[in-house]
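Listed below are the residues making up each chain.
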Amino acid sequence: MYKVDKNIKINPKNFFSKDIVKNFTSHINNSVPKYSNFCDGITSFSEYFITDNSVVYDLGCSHASLLIDIVKKNKFKKNVNYYGLDSSQDMFLKAKQKTKKYKNIFIKKQNILTNKFKKSDLIISNLTTQFIKFSERRKLIKKIYNALNEKGAFIMVEKTNFKLPLIQSIANDVHFDFKRENNISGEEILAKIRSMRGKLDPYDSGENIQILKNNGFKKVEIIFKELHFEMVIAIK
């Protein structure tokens, strides 16, 4: 077990344990700089791709908070169906409970690699695809491209590496300081790093853009970046 925050212990065999599900919101905001800005950005951009009769997917929806914000932002669009997918049983149950009053949100306990996507106007991956092995990630991006309607969008937030070792080292230090300022101890930060070994394997910015272009997307832009984390939009 790894103690990665005051109230969170991670079992490597069950990464999204009840601890992390219960304390997910506070932990991710204390761990990812400007996390709420990324979510706000996705919500704002969603207005430009969701129309009447759209289908929207959130891959790795966690508590479904982002999906709920997107529903509220697009409340005047008619007959829109929103699908939140998560492979964690505890996350699934939390999202299901949180969205029970929304008739157009459908939460599914589902591995996103095996999901059969409906034709969609917007697909979102907020800090999700970075946990998928490179070979499988390429297949998923192709599935997403094929599922999107013409002019549909894939919005992806990922942790990335910097190309220059010096910048990577400085960014690591700044990120460490950010976590310490949010009352995560040095021991807890190191425990989190150990718990991620073999699970998190990020690309650099150029590699992320290239994999999107190699799988069909021609219009790809970085919208927002904070330290290692960046939001990319790819339009079919």
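Up top is the structure.
Residues numbered from 1 in each chain as written. Predicted model: local features only at pLDDT ≥ 70, side-chain atom pairs only at ≥ 80, totals over all residues. Heavy atoms only, no water.

Another aspect to go through is the packing of helix α3 (residues 35-46) against helix α4 (residues 65-73). Where α3 meets α4, the closest approach of the two axes is 9 Å, and the angle between their N-to-C directions is 35°. In this structure, α3 meets α4 at a crossing whose hand is right-handed. Between α3 and α4, the contacting residues are Cys39, Ile42, Thr43, Ser44 and Ser46 on the first element and Leu66, Asp69, Ile70 and Lys73 on the second. Counted by class, the contact of α3 with α4 contains 4 nonpolar, 3 polar and 2 charged residues. (Axes fitted to C-alpha atoms, helices over the stretch in contact; angles between N-to-C directions. Helix = DSSP H or I, 4+ residues; strand = E, 2+ residues; numbered from the N terminus. Left-handed = near helix turned anticlockwise from the far one by under 90°. Contact = heavy atoms within 4.5 Å. Nonpolar A, V, L, I, M, F, W, Y, C, P; charged D, E, K, R; others polar.)

For the rest of this paragraph, the subject is a positive patch on the surface. Taken together, Lys72, Lys94, Lys98 and Lys101 make up a surface patch of like positive charges. The topology assignment puts lysine 98 in helix α5 (residues 89-98). (Patch = residues over 30% accessible without salt bridge, like charges linked within 9 Å, V, L, I, M, F, W, Y side chains within 5 Å. Areas by Shrake-Rupley, 256 points an atom, 1.4 Å probe, with all protein chains shown as cover. Salt bridge = Lys/Arg side-chain N within 4 Å of Asp/Glu carboxyl O. Lys, Arg positive; Asp, Glu negative; His and termini not counted. Charge placed at Lys NZ, Arg CZ, Asp CG, Glu CD.)

Okay, the pattern of salt bridges next. Here the structure, examined in full by the defined rule, presents 4 salt bridges. Residue glutamate 226 pairs with lysine 34 through a salt bridge whose shortest N-O separation is 3.8 Å. Taken together, the positions of glutamate 226 in strand β8 (residues 219-226) and lysine 34 in the loop between α2 (24-31) and α3 put the pair 192 residues apart, joining distant regions of the chain. Of the residues examined, glutamate 226 reaches a relative accessible area of 22% and is grouped as partly exposed. Here lysine 34 falls in the partly exposed class, since its relative accessible area comes to 42%. (Buried < 20%, exposed > 50% of the residue type's maximum accessible area, 1.4 Å probe, protein only.)

Bringing the state of the cysteines into the picture now. A full pass over the atoms with the stated rule returns 0 disulfides. Left without a disulfide partner, cysteine 39 is nearest to the cysteine sulfur of cysteine 61, which lies 13 Å away. Judged by its relative accessible area of 2%, cysteine 61 is buried. (Disulfide = S-S within 2.5 Å.)

Turning to the environment of isoleucine 141, a few remarks are in order. Positionally, isoleucine 141 belongs in helix α6 (residues 134-147). A relative accessible area of 1% places isoleucine 141 in the buried class. Along the primary structure isoleucine 141 and alanine 153 are separated by 12 residues, whereas in three dimensions their C-alpha atoms are 12 Å apart. Aside from chain neighbours lying at most four places away, what touches isoleucine 141 is Phe154, Ile211, Leu212, Asn215 and Phe217.

Glancing now at the packing of α2 against helix α7 (residues 165-181). Close contact between α2 and α7 brings their axes to 8 Å; oriented N to C, the two are set at 140°. By the criterion of interaxial angle, the relationship of α2 to α7 is oblique. Residues Asn29, Asn30 and Ser31 of α2 lie in contact with α7, whose contacting residues are His175, Phe178 and Lys179. Residue classes in the contact of α2 with α7 are distributed as 1 nonpolar, 4 polar and 1 charged. (Parallel < 35°, antiparallel > 145°, perpendicular 65-115°, else oblique.)

What follows concerns the environment of lysine 119. Its location among the elements puts lysine 119 in the loop between β5 (105-109) and β6 (120-126). Here the alpha-carbon distance between lysine 119 and asparagine 149, two residues 30 residues apart in the chain, equals 6.1 Å. In contact with lysine 119, not counting residues within four places along its chain, are Val55, Asn146, Ala147, Leu148, Asn149 and Lys236. Of note is the side chain of lysine 119, whose polar atom sits 2.8 Å from the backbone oxygen of asparagine 146. A distance of 3.3 Å separates a polar side-chain atom of lysine 119 from the backbone oxygen of leucine 148. (Polar contact = N/O pair within 3.5 Å; in protein donor to acceptor, adjacent residues only side chain to side chain.)

Together, Leu164, Leu166, Ile167, Ile170 and Val174 give the surface a local cluster of nonpolar side chains, amounting to about 460 Å² of exposed area. Its place among the elements puts valine 174 in helix α7.

As a further point, take α3. Along its 12 residues, α3 runs 17 Å from first to last C-alpha, staying within 8% of the 16 Å computed at 1.5 Å per residue. Taken as a whole, α3 has its buried residues at Tyr35, Phe38, Cys39, Gly41, Ile42, Thr43 and Ser46. Those residues of α3 that are buried are in contact with α2, α4, β6, β7 (148-159), β8 and β9 (229-235). (Expected span 1.5 Å × (residues − 1).)

Here the focus is unusual backbone geometry. Residue asparagine 79 is not a glycine yet carries a positive backbone phi of 60°. Note on placement: asparagine 79 falls in the loop between α4 and β4 (81-86). Of the residues examined, asparagine 79 reaches a relative accessible area of 55% and is grouped as exposed. Of note, the phi angle at leucine 227 is positive, near 50°, even though the residue is not glycine. Residue position: leucine 227 is located in the loop between β8 and β9.

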